[in-house]
Amino acid sequence: MEPAYETLLERACGENGPYRRWRSGGSSGCVRRGVDPASLLALAPPPGGVLLKDRPKTRVFISGRWFCKIILHRGVWRSFRHTFRPPRPLVALAGALRLAELGVPTPLVALAVRRRRLGLLPFRDVLVTEALGEGRIFADELVVGAMSAGIVSRLIKQGAALLARMHAGGFEHGDLNLRNIYVWPGANGEFVEMGVIDLDGCRICEGALPTARRRREGARFVSSIIKCLRSRRPEFRLKASDLVGEFCLCYRECCGIDLAGDAMNKRVSYLISRKRRK
């Protein structure tokens, strides 16, 4: 793993840290102190929980107070390739630790483990976090449910502030779309705070992020808003260029870095028009 990840994990798993290193049979990783890893590894989807995703490579479900994400490495070649990659649960844990330092809300990680066949090839990565509590909603639900130009402007303003804070702390989420941002809704469609989930693709560096990486993540965030509006609320005629300009202005006010320009516009246009394979 990269030095920044290792530093965060070593600190968290130190003598007075909130986590401990854990190894049993072919499983190894980090576990929150006071948590029984065996019980978390035994969590299962319905009928004992709520199944959110069930695909050949990924299974996601909620069981009681826990959110569980299982990444399956099927086949010898796929398992072999992942031997040389950082376990995604540990990347997510390192990301959560950095966000805690930055004061950005994210669910508490209870377990981050890689399981191996005969102690060699990985076949399953397991991440368990606390499930989001009641009353919190994802940002795309906010946009669709209480849609107004004012709500979108507030989302852009607070999103720019959130990104500026993370980027100054050397944190790049990697997939900051509206489904990976949650909020605490208030009265009249307002909201009071923003948190993030899905950290297993994050990147962490020592020092602030370079401008190019800031622009890439900002474009991902803005394009997600534009695509959500176009697909689910087409009656609102908000121009993409206006939303991009508003985001860049808010971001610059937060940290003094200007992301506006051709590079930003081209990246947003590419993300809006991109068709992803299902």
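Residues numbered from 1 in each chain as written. Predicted model: local features only at pLDDT ≥ 70, side-chain atom pairs only at ≥ 80, totals over all residues. Heavy atoms only, no water.

> Kindly report on the sheet that holds strand E11 (residues 191-196), identifying the contributing residues and their values.
Strands in a sheet are paired, the pairing made by backbone hydrogen bonds, and the direction either parallel or antiparallel. On the basis of which strands lie adjacent, the open sheet formed by three strands has the order E8-E10-E11 and antiparallel pairing. Both edges of this open sheet fall to strand E8 (137-138) and E11, since each of them pairs with a single strand only. As paired elements, strand E10 (residues 181-185) and E11 share four bridges and run antiparallel to each other. Bridged to isoleucine 181 within E11 is valine 196. (Pairing = 2+ DSSP bridges. Helix = DSSP H or I, 4+ residues; strand = E, 2+ residues; numbered from the N terminus.)

> Any chance you could break down the pairing of strand E6 (residues 109-117) for me, citing the residues and the numbers?
Relative to E6, strand E2 (residues 27-32) runs antiparallel, the two being bridged by five bridges. Across the sheet, residue valine 31 finds its bridge partner in E6, namely leucine 111. The pairing of E6 with strand E7 (residues 121-130) spans eight bridges and is classified as antiparallel. Paired with arginine 116 across the bridge in E7 is proline 122.

> Could you give an account of the packing of aromatic side chains, with specific residues and numbers?
Throughout the structure, instances matching the rule amount to three aromatic pairs. With centroids separated by 5.3 Å and ring planes inclined at 55 degrees, the aromatic side chains of tyrosine 182 and tryptophan 184 adopt a geometry described as tilted. Residues phenylalanine 221 and phenylalanine 247 carry aromatic rings whose centres are separated by 5.8 Å and whose planes lie at 50 degrees to one another, so their mutual orientation is tilted. Of the two residues, phenylalanine 221 is situated in helix H7 (residues 211-232) and phenylalanine 247 in helix H8 (residues 240-255); the sequence distance between them amounts to 26 residues. (Phe/Tyr/Trp six-rings, centres within 6.5 Å; stacked < 30°, edge-to-face > 60°.)

> Give a description of the pattern of salt bridges that names residues and reports values.
Any two side chains of opposite charge can pair, given that their charged atoms come close. Summed over the entire model, instances satisfying the criterion amount to 17 salt bridges. Across the pair arginine 179 and aspartate 140 runs a salt bridge, and its minimum N-O distance is 3.8 Å. Taken as a pair, arginine 179 in the loop between strand E9 (171-172) and E10 and aspartate 140 in helix H5 (residues 139-145) lie far apart in primary sequence, 39 residues in all. Classification of aspartate 140 by relative accessible area gives buried; the value is 8%. With its nearest N and O atoms 2.7 Å apart, the salt bridge here joins aspartate 175 to arginine 220. Remark: arginine 220 occurs in helix H7 and aspartate 175 occurs in the loop between E9 and E10; sequence separation between them is 45 residues. (Salt bridge = Lys/Arg side-chain N within 4 Å of Asp/Glu carboxyl O. Buried < 20%, exposed > 50% of the residue type's maximum accessible area, 1.4 Å probe, protein only.)

> With reference to specific residues and values, describe the side chain of arginine 98.
The topology assignment puts arginine 98 in helix H4 (residues 88-102). Excluding anything up to four places from it in sequence, arginine 98 contacts Leu8, Gly169, Gly170, Phe171, Ile204, Cys205 and Glu206. (Contact = heavy atoms within 4.5 Å.)

> With reference to specific residues and values, describe the nonpolar core.
Core analysis: the largest hydrophobic core is formed by 60 residues, its most contacted members being Phe221, Ile225 and Phe247. Here the element with the most residues in this core is helix H6 (residues 149-168); it accounts for nine residues. Look past the residues within four positions of isoleucine 225 in its chain and what remains in contact with it is Val152, Leu155, Ile156, Leu178 and Leu243. Trp22, Val35, Cys68 and Val126 belong to the second-largest nonpolar core, a separate cluster that totals 16 residues. (Core = buried A, V, L, I, M, F, W, Y, C linked by side-chain atoms within 4.5 Å.)

Don't take any of this as a statement about function, it's just geometry.
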